[in-house]
Amino acid sequence: MSSSASGIIHSSRAPEPVGAYPHARRAGDFLFLSGVGPRQRGSKDIPGVTLGPDGEVVEYDIAVQTRSVFANVRAILEDAGASWEDIVDVTVFLTSMKRDFKTFNELYAQHFTTNKPCRTTIEVGALPTPIAVELKVIAYVPQRSTGA
């Protein structure tokens, strides 16, 4: 993990961003994560996605993608000195609400058993890579005083 005085955080465990943005940025007591998908670090592989020879999605498994997204979010939080329990708000982007919401919602409930952040779920026409789910997360992480 690396961070700078501007609060920019780069995780060494999360997939590399697909654009010019950091994994997260701290602003005061809040940690804002950039959109997080299910890709794996160091690879273009997307868990739960089968691509055809033309690079188009042939099939996908929303459960596998969702679990991978949660693991990536957790890695970014931990690399930023935060935890899953610090999450206060989640925006979910699904490419097919009708097909995927029920499964996503069940997995979400399993992963947020004690912490109950606010959540908004939106259907979008596409995401930047051939994925079916992406999360935008905000965590509240009070800065610890160092004491004197």
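Residues numbered from 1 in each chain as written. Predicted model: local features only at pLDDT ≥ 70, side-chain atom pairs only at ≥ 80, totals over all residues. Heavy atoms only, no water.

Colleague: So what exactly am I meant to see when it comes to the overall build of the protein here?
Modeller: Helix and strand counts for the protein come out as two helices and nine strands. Secondary structure of the protein in N-to-C order comes out as β-β-β-β-β-β-α-β-α-β-β. A compact globule built from 148 residues would reach a C-alpha radius of gyration of about 15 Å, and the protein, at 16 Å, matches this within 12%. On the principal axes, the C-alpha backbone points of the protein span a range of 60 × 30 × 20 Å. Buried positions account for 41% of the 148 residues belonging to the protein. Only carbon and sulfur atoms are counted for the fraction: they give 53% of the accessible area of the protein, which is about 8000 Å². In the protein, the 15 positive side-chain charges and the 16 negative ones have mean positions that sit 4 Å from each other. (Helix = DSSP H or I, 4+ residues; strand = E, 2+ residues; numbered from the N terminus. Rg over C-alpha atoms; globule rule 2.2 N^0.38 Å. Buried < 20%, exposed > 50% of the residue type's maximum accessible area, 1.4 Å probe, protein only. Areas by Shrake-Rupley, 256 points an atom, 1.4 Å probe, with all protein chains shown as cover. Lys, Arg positive; Asp, Glu negative; His and termini not counted. Charge placed at Lys NZ, Arg CZ, Asp CG, Glu CD.)

Colleague: Would you explain the nonpolar core in this entry?
Modeller: The nonpolar side chains of soluble globular proteins are, as a tendency, buried together. The biggest cluster of nonpolar side chains holds 36 residues, and the ones touching the most others in it are Leu31, Leu33, Val73, Leu77, Ile87, Phe104 and Leu135. Those elements giving two or more residues to this core turn out to be β4 (30–33), α1 (62–79), β7 (87–94), α2 (97–111) and β9 (133–140). Looking at this core, the element that brings in the most residues is α1, giving seven residues. Residues contacting Ile87, with those up to four places away along its chain left out, are Val73, Leu77, Phe112, Asn115, Pro117, Val137, Ile138 and Ala139. (Core = buried A, V, L, I, M, F, W, Y, C linked by side-chain atoms within 4.5 Å. Contact = heavy atoms within 4.5 Å.)

Colleague: How should I be thinking about the packing of aromatic side chains in this particular structure?
Modeller: Two aromatic rings are characterised by how far apart their centres lie and by the angle between their planes. Using the criterion set out here, one finds nine aromatic pairs in the structure. Note on Phe30 and Phe32: the rings are 6.3 Å apart at their centroids and 40° apart in plane angle, and the pair reads as tilted. Phe30 sits in the partly exposed class, given a relative accessible area of 35%. Ring geometry for Phe104 versus Tyr108: centroids 5.8 Å apart, planes at 40°, classification tilted. Taken as a pair, Phe104 and Tyr108 lie in helix α2 at a separation of four residues, close to a single helical turn. An aromatic cluster of at least three residues, connected via ring pairs, comprises Phe70, Trp84, Phe104, Tyr108 and Phe112. The ring of Tyr60 has Arg99 sitting right over it, with the charged end atom 3.9 Å from the ring centre. In this arrangement the basic side chain of Arg119 is found over the ring face of Tyr108, its NZ or CZ atom lying 4.4 Å from the centre. (Phe/Tyr/Trp six-rings, centres within 6.5 Å; stacked < 30°, edge-to-face > 60°. Lys NZ or Arg CZ within 6 Å of the ring centre and 35° of its normal.)

Colleague: How should I be thinking about the pairing of strand β6 (residues 57–60) in this particular structure?
Modeller: Looking along a regular strand, one sees side chains alternate from face to face of the sheet. In this structure, strand β5 (residues 49–51) lies alongside β6, joined through three bridges in antiparallel fashion. Among the inter-strand pairings, Leu51 is bridged to a residue of β6, identified as Val57. Linking two consecutive strands that pair antiparallel, namely β5 and β6, is a turn of five residues; a positive phi of about 85° is found at Gly55 within it. (Pairing = 2+ DSSP bridges.)

Colleague: I'm lost on the environment of Ser96 in this one. Help?
Modeller: Along the chain, Ser96 turns up in the loop between β7 and α2. The residues touching Ser96, leaving out its near neighbours within four places in the chain, are Tyr60, Phe101 and Glu123. Within the structure, Ser96 has its side chain in polar contact with the backbone nitrogen of Arg99 (distance 3.2 Å). (Polar contact = N/O pair within 3.5 Å; in protein donor to acceptor, adjacent residues only side chain to side chain.)

Colleague: What is the right way to look at the pattern of salt bridges in this model?
Modeller: Side-chain pairs of opposite charge can arise whenever the charged atoms involved come near each other. Per the stated rule, a full pass over the model turns up four salt bridges. The salt bridge partner of Glu78 is Arg13, with a shortest N-O separation of 3.0 Å. Taken together, the positions of Glu78 in helix α1 and Arg13 in the loop between β2 (8–10) and β3 (24–27) put the pair 65 residues apart, joining distant regions of the chain. Beyond isolated ion pairs, a larger network of salt bridges with shared partners links Arg13, Glu78 and Asp79. (Salt bridge = Lys/Arg side-chain N within 4 Å of Asp/Glu carboxyl O.)

Such coordinate-based values are descriptive only and should not be taken to indicate function.
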